[in-house]
Amino acid sequence: LDSTWNIAKNASEFPLKSPNERPVAMAVLRVAAKAAIETANKTDNVVVQDFFKTLFALINFADKEGKIRSDIFVGIMTDVGDRLTIALNETSNGVNVLKSLTAFIGDPKKLFSKR
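Residues numbered from 1 in each chain as written. Predicted model: local features only at pLDDT ≥ 70, side-chain atom pairs only at ≥ 80, totals over all residues. Heavy atoms only, no water.

**Student:** What is the right way to look at the overall build of the protein in this model?
**Tutor:** Of regular secondary structure, the protein possesses 6 helices and 0 strands. For 115 residues, the compact-globule formula gives about 13 Å, and the C-alpha radius of gyration of the protein, at 13 Å, lands near that figure. Reported as C-alpha extents along the three principal axes, the dimensions of the protein are approximately 35 × 25 × 20 Å. The burial tally for the protein puts 39% of its 115 residues in the buried class. By sequence separation, contacts in the protein at least 24 residues apart represent 66% of the contacts at least 6 residues apart. For the protein, the exposed surface amounts to about 6400 Å²; the carbon and sulfur share of it is 52%. Averaging the locations of the 16 positively and 13 negatively charged side chains of the protein gives two centres separated by 5 Å. (Helix = DSSP H or I, 4+ residues; strand = E, 2+ residues; numbered from the N terminus. Rg over C-alpha atoms; globule rule 2.2 N^0.38 Å. Buried < 20%, exposed > 50% of the residue type's maximum accessible area, 1.4 Å probe, protein only. Contact = heavy atoms within 4.5 Å. Areas by Shrake-Rupley, 256 points an atom, 1.4 Å probe, with all protein chains shown as cover. Lys, Arg positive; Asp, Glu negative; His and termini not counted. Charge placed at Lys NZ, Arg CZ, Asp CG, Glu CD.)

Written as structure tokens, this is what we have:
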């Protein structure tokens with residue numbers, strides 16, 4: 001759970017980074033997402049596993065496409081941070097919000113083309 005809060009915080013703070021700071025910030029987020037995948041795999045929580053795997057894929061796509069510094073990616077990460085924070089604050093453990101967020105970021109190519 002702590003790693004999820006850290007990812008929400010880092011994603012929410014991503015817009016505060018300058019374009020030159022964004023690759024470093026995203027590297028930190030990528031490492032955190034990878035660690036969260038490993039933790040989620042130990043708990044057998046499929047919803048959380050899916051989310052972190054999808055987030056990791058989004059980060060890799062953005063990096064591969066050279067979009068880490070883009071304003072589009074900033075907007076996406078702002079949405080991720082906001083929605084993840086909402087999910088963490090829900091009394092139902094945010095399962096539905098997390099599923100919705102996973103669907104939102106599930107197709108990075110489509111996500112970037114919408115903006």
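**Student:** Before we go on, may I ask you to explain helix α2 (residues 22-43) in this structure?
**Tutor:** Side chains that are three or four residues apart share a direction in an α-helix, a result of its 3.6 residues per turn. Over its 22 residues, α2 extends 31 Å from the first C-alpha to the last, a length consistent with the 32 Å expected when each residue adds 1.5 Å. Residues Arg-22, Ala-25, Met-26, Leu-29, Ala-32, Ala-33, Ala-36, Ile-37 and Ala-40 constitute the buried set of α2. Down the axis, α2 shows its buried residues gathered within 155 degrees of arc, on one side only. Away from its buried face, by an angle of more than 90 degrees, α2 presents the exposed residues Val-24, Val-31 and Lys-42. Buried residues in α2 make contact with α1 (2-13), α3 (46-64) and α4 (71-89). Where α2 ends, the next residue or the one after it, Asp-44, has phi of about 60 degrees, a positive value. (Expected span 1.5 Å × (residues − 1). Arc of directions from axis to C-beta.)

**Student:** Hey, could you run me through unusual backbone geometry in this one?
**Tutor:** Leaving glycine out, the prevailing phi sign among residues is negative, and the prevailing peptide bond configuration is trans. Of note, the phi angle at Asp-44 is positive, near 60 degrees, even though the residue is not glycine. Relative to the elements of secondary structure, Asp-44 occurs in the loop between α2 and α3. Owing to a relative accessible area of 63%, Asp-44 belongs among the exposed residues under this scheme.

**Student:** Sorry, what's going on with the nonpolar core here?
**Tutor:** Most often, soluble globular proteins have nonpolar side chains that are buried together. Within the largest apolar cluster, 33 residues are counted, with the highest numbers of intra-cluster contacts made by Leu-55 and Met-77. Of all the elements in the fold, those that place two or more residues in this core are α1, α2, α3, α4, α5 (95-105) and α6 (108-114). No other element matches the 8 residues that α3 contributes to this core. Here Leu-55 is in contact with Ile-7, Ala-33, Met-77, Val-80 and Ile-105, once residues within four sequence places are set aside. (Core = buried A, V, L, I, M, F, W, Y, C linked by side-chain atoms within 4.5 Å.)

**Student:** Would you take a moment to explain α4 for this structure?
**Tutor:** Taking 1.5 Å of rise per residue, the 19 residues of α4 would be expected to cover 27 Å, and the 27 Å separating its terminal C-alpha atoms lies within 8% of that figure. Among the residues of α4, those classed as buried are Phe-73, Val-74, Gly-75, Ile-76, Met-77, Val-80, Gly-81, Leu-84, Ala-87 and Leu-88.

**Student:** Please explain the pattern of salt bridges as it appears in this structure.
**Tutor:** Note that side chains of opposite charge can pair when their charged atoms are close. Enumeration over the complete set of coordinates arrives at 3 salt bridges. One salt bridge in this structure joins Asp-63 and Arg-30, with 2.9 Å as the shortest N-O distance. Remark: Arg-30 occurs in helix α2 and Asp-63 occurs in helix α3; sequence separation between them is 33 residues. (Salt bridge = Lys/Arg side-chain N within 4 Å of Asp/Glu carboxyl O.)

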